[in-house]
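# Survey of secondary and tertiary structure
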Amino acid sequence: METADLKKTAAEVRKDIIKMLGLSGSGHPGGSLSSVELLVSLYFNHINYNPKDANDPKRDYFILSKGHVCPVLYAVLAQLECIPKNELCTLRKAGSRLQGHPAKDKELPGIEISTGSLGYGLSIAAGAAVGIKRAGKSNRVYVLMGDGEQQEGSVWEAAMSAAHFKLDNLCAVVDDNGLQIDGPTKEIMNVVPLADKYKSFGWNVIEINGHNFDEIDAAYVAAKKTSGKPTVIIAKTVKGKGVSFMENLAEWHGKVPSKEQVEKALAEIDNSLKN
Amino acid sequence: MVEVFGKKATRFGFGEALIELGKKDPKIFVLGADTAASVAVSGFGQQFPERFINVGIAETNMLGMAAGLAVAGYIPFAATYGVFAAGRPWEQIRTTICYSDLNVKIGGSHSGLMVGPDGATHQALEEIAIMRVLPKMKVVVPCDFIETKKATVAGAYVPGPLYIRYGRENTPIITKEETPFEIGKANVLRDGKDVAIMACGTMVYEALMAADILEKKGINARVINMHTVKPIDEQAIIKAAKECGAIVTAEEHQLMAGFGSAVAEAVVKNYPVPMEFVGVNDRFGESGEPFDLMIKYGLKDVNIAAAAEKVLKRK
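All of these numbers come straight from a predicted model, not from anything done at the bench.

Before going further, it helps to examine the interface of chain B and chain A. Often, the extent of an interface is quoted as the loss of accessible area on bringing the components together. Facing 26 residues of chain B, the contacting portion of chain A comprises 27 residues. Summed over both partners, the interface of chain B with chain A buries about 2000 Å², with 58% contributed by carbon and sulfur atoms. Counting the contacts that link chain B with chain A gives zero salt bridges. At the boundary of chain B and chain A, one finds 12 residue pairs in polar contact (both at pLDDT 80 or more). Examining the composition of the side of chain B that touches chain A, we find that nine residues originate from one element, helix 3 (residues 59-71) of chain B, more than from any other. Taken together, the residues of the side of chain B that touches chain A sort by class into 13 nonpolar, nine polar and four charged.

Listed below in structure tokens is the structure:
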């Protein structure tokens, strides 16, 4: 997909996130909006994914470690027609497959494993990657984490393992929006310098602007070409990106927009495409 | 007299079974956490290095990676000391493995008090409780070397998560190759009608010895090997409650929320009869020779026999 189309798709995904969260009455807009470009680029241009068969053995695996931003994943899966678009309005409602955090037991195509407890995704991804490598297969494994999530010790157990087992089929992405529930990550519990930490653990580290499609695309390509070590893409992003009244405010981590705010946000996203 | 066919630690049953499984099935993958030799998985690692990883001293990562291996289509067995295998990564087991109903098998070695001299930190006395409370999790506590081997092989092919509890010390072998074994189905080892003694793991042998003691006193005890704690064999329990009218449970584990509690839940729900419980009574273990500790903590045949006499007074 060309950059112009990616941008259009990203806008659609953003609008779906806003609509879903407006209807659900609870959920996490901030991190969902900050990771839109990272997932749109991945799903439309890089990941080997079969919308007609979510269990295709040739597929690449995607693990959403920061499970609370599942609205962005659901919206992307709807764009890919893996799930019906109208199902998005059931987010977090009783009986819905779209749980507040991704649930494997709801048999939603594209959900490899239940996630939501932070700090587990990298271990899962490393386990899948080592199994795939040992079997001599070429599937790749992607995992999306948050920057606040790096505070969990289990991330570093997994980081150690992924380098130890030379998992070059593993690509981790950190949506580095700098904010967590209680405030700025650097004030709550500083994880900086993240790049140096991963480098010292033996990873290939790529730092990018996580809203720039050209940089994202180049990073995914470079990760694929890297051999002998796992890659982490540390993507600098803006929490709440695309909705001016949400941008860079920690309070939008887990707050949903009112009906008026939904209208305002949708209009703003539409306008952004015209410019 | 209780028939004993030698002594061997259940951990070797686990290790031998993994190698058997590994030869037949390329989907079997084993994970260790720096205790590979002592929990008997290093043999698998030597024979099938391409399907073995040692994650080092990182149990949460071990269970997370096991989950990933299951996602990638393997049947992973992750093993270390029970207290670390079940306790430390409990939430990974809950949210990552059980909630997704993944095909991950957890080996909890060095169970109970019998790990001995290492003391309380290394003695697993709570994991039956914390594993059986998890939705989808199955819990198997085999009674000897041979049964552990069968449980491990059978466990590989029961879909979903499963916890197998096994031990370090040499313990009596009391079953034979031809003894039936089916996950979820209890075995009556000795028939009787006055009282039913239900035991799991190392306590099955003690239960059989207790039945001998009781026999000399004219009490006819039924001994049931409840190797599967979850799903528990309710039919065997109801039958015993009806036919014997009193039940004693025995486990090398805390009394609260463990095996005895699982039996009690089935009894109270279906056919209430008086019960007594033998186990560790709400305290930590300590260092000591395994046999001395079993005496000190009241986990011997005489304790089971005494519990049986006590429960008979309430029948």
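Annotation from UniProt places "domain: Transketolase-like pyrimidine-binding" (unreviewed entry) at residues 8-173 of chain B. Along residues 8-173 of chain B one finds 40% helix and 19% strand; the C-alpha atoms at either end are 7 Å apart.

With that settled, the discussion passes to the UniProt feature "domain: Transketolase N-terminal" (unreviewed entry) in chain A. Taking the numbering used here, the UniProt-annotated feature "domain: Transketolase N-terminal" (unreviewed entry) corresponds to residues 19-264 of chain A. A helix fraction of 37% and a strand fraction of 13% characterise residues 19-264 of chain A, whose end C-alpha atoms lie 11 Å from each other.

This next bit is on the packing of aromatic side chains. Overall, the coordinates contain 12 aromatic pairs over all chains when judged by the stated rule. Measuring from ring centre to ring centre gives 5.1 Å for Tyr198 of chain A and Trp203 of chain A, while their planes differ by 70°; the resulting arrangement is edge-to-face. We note that Tyr198 of chain A, like Trp203 of chain A, is buried. With a centroid separation of 4.4 Å and 20° between ring planes, the pair formed by Phe14 of chain B and Tyr166 of chain B is classed as stacked. Of this pair, Phe14 of chain B sits in helix 1 (residues 10-24) while Tyr166 of chain B sits in the loop between strand 7 (162-165) and strand 8 (170-172), and the two are 152 residues apart along the sequence. Considered together, Phe14 of chain B and Tyr166 of chain B belong to a single accessibility category, that of buried residues. An aromatic cluster is built from Trp156, Tyr198, Phe201 and Trp203 of chain A, whose rings are joined through pairwise contacts. The side chain of Lys255 of chain A reaches across the aromatic face of Trp252 of chain A, ending 4.3 Å from its centre. Directly above the aromatic system of Tyr297 of chain B lies the positively charged group of Arg283 of chain B, at a separation of 4.2 Å from the ring centroid.

Another point: the state of the cysteines. Residues and elements named next belong to chain A. Counted under the stated rule, the structure contains zero disulfides over all chains. We note that Cys70 lacks a disulfide partner, and the nearest cysteine sulfur, in Cys89, lies 15 Å from it. Note on Cys89: relative accessible area 42%, which makes it partly exposed.

All names here are of chain B. What the rule picks out here adds up to 30 salt bridges over all chains. For Glu16, the salt bridge is made with Lys8, and the minimal N-O distance between the two is 3.3 Å. Note on Glu16: relative accessible area 30%, which makes it partly exposed. Here Lys8 falls in the partly exposed class, since its relative accessible area comes to 29%. For Glu234, the salt bridge is made with Lys269, and the minimal N-O distance between the two is 3.0 Å.

Thresholds, definitions, all that
Numbers given for residues are sequential positions, taken from 1 along each chain in its written order. Starting at A for chains and at 1 for ligands, labels are handed out in the order in which the entities are written. For this predicted model, a pLDDT threshold of at least 70 governs which residues receive local features, and a threshold of 80 or more governs which side-chain atom pairs are given and counted, while totals over whole chains, interfaces and linings are taken from all residues. For the side-chain quantities, the full set of heavy atoms in the structure was used; hydrogens and water were omitted. Note on definitions: a residue-residue contact is assigned when non-hydrogen atoms from the two residues lie within 4.5 Å. Note on terms: buried area is the combined drop in 1.4 Å-probe accessible area of two parts once they are placed together, counting the loss on both. When a carboxyl oxygen of Asp or Glu lies within 4 Å of a side-chain nitrogen of Lys or Arg, that pair is called a salt bridge. Polar contacts, as used here, are pairs of N or O atoms within 3.5 Å; protein pairs need one atom able to donate a hydrogen and one able to accept it. Residues neighboring in sequence count only if both atoms are side-chain atoms. In DSSP terms, a helix is any run of H or I states spanning at least four residues, a strand is any run of E spanning at least two, and both are numbered starting from the N terminus. Charged means Asp, Glu, Lys or Arg here, nonpolar means Ala, Val, Leu, Ile, Met, Phe, Trp, Tyr, Cys or Pro, and polar covers whatever is left, Gly included. UniProt positions are given in the numbering used here, feature names are shortened, and annotations may be inferred rather than shown by experiment. Here the aromatic set is Phe, Tyr and Trp, taking the six-membered ring for Trp, and pairing holds for ring centres within 6.5 Å; pairs whose planes are under 30 degrees apart are stacked, those over 60 apart are edge-to-face, and all others are tilted. Accessibility here uses a 1.4 Å probe with only protein chains present; expressed as a share of the type maximum, an area under 20% marks a residue as buried, one over 50% as exposed, and anything in between as partly exposed. Placement of a positive charge over a ring is assigned whenever Lys NZ or Arg CZ falls within 6 Å of the ring centre and within 35 degrees of the normal to the ring plane. A pair of cysteine sulfur atoms is labelled a disulfide when the two atoms are within 2.5 Å.

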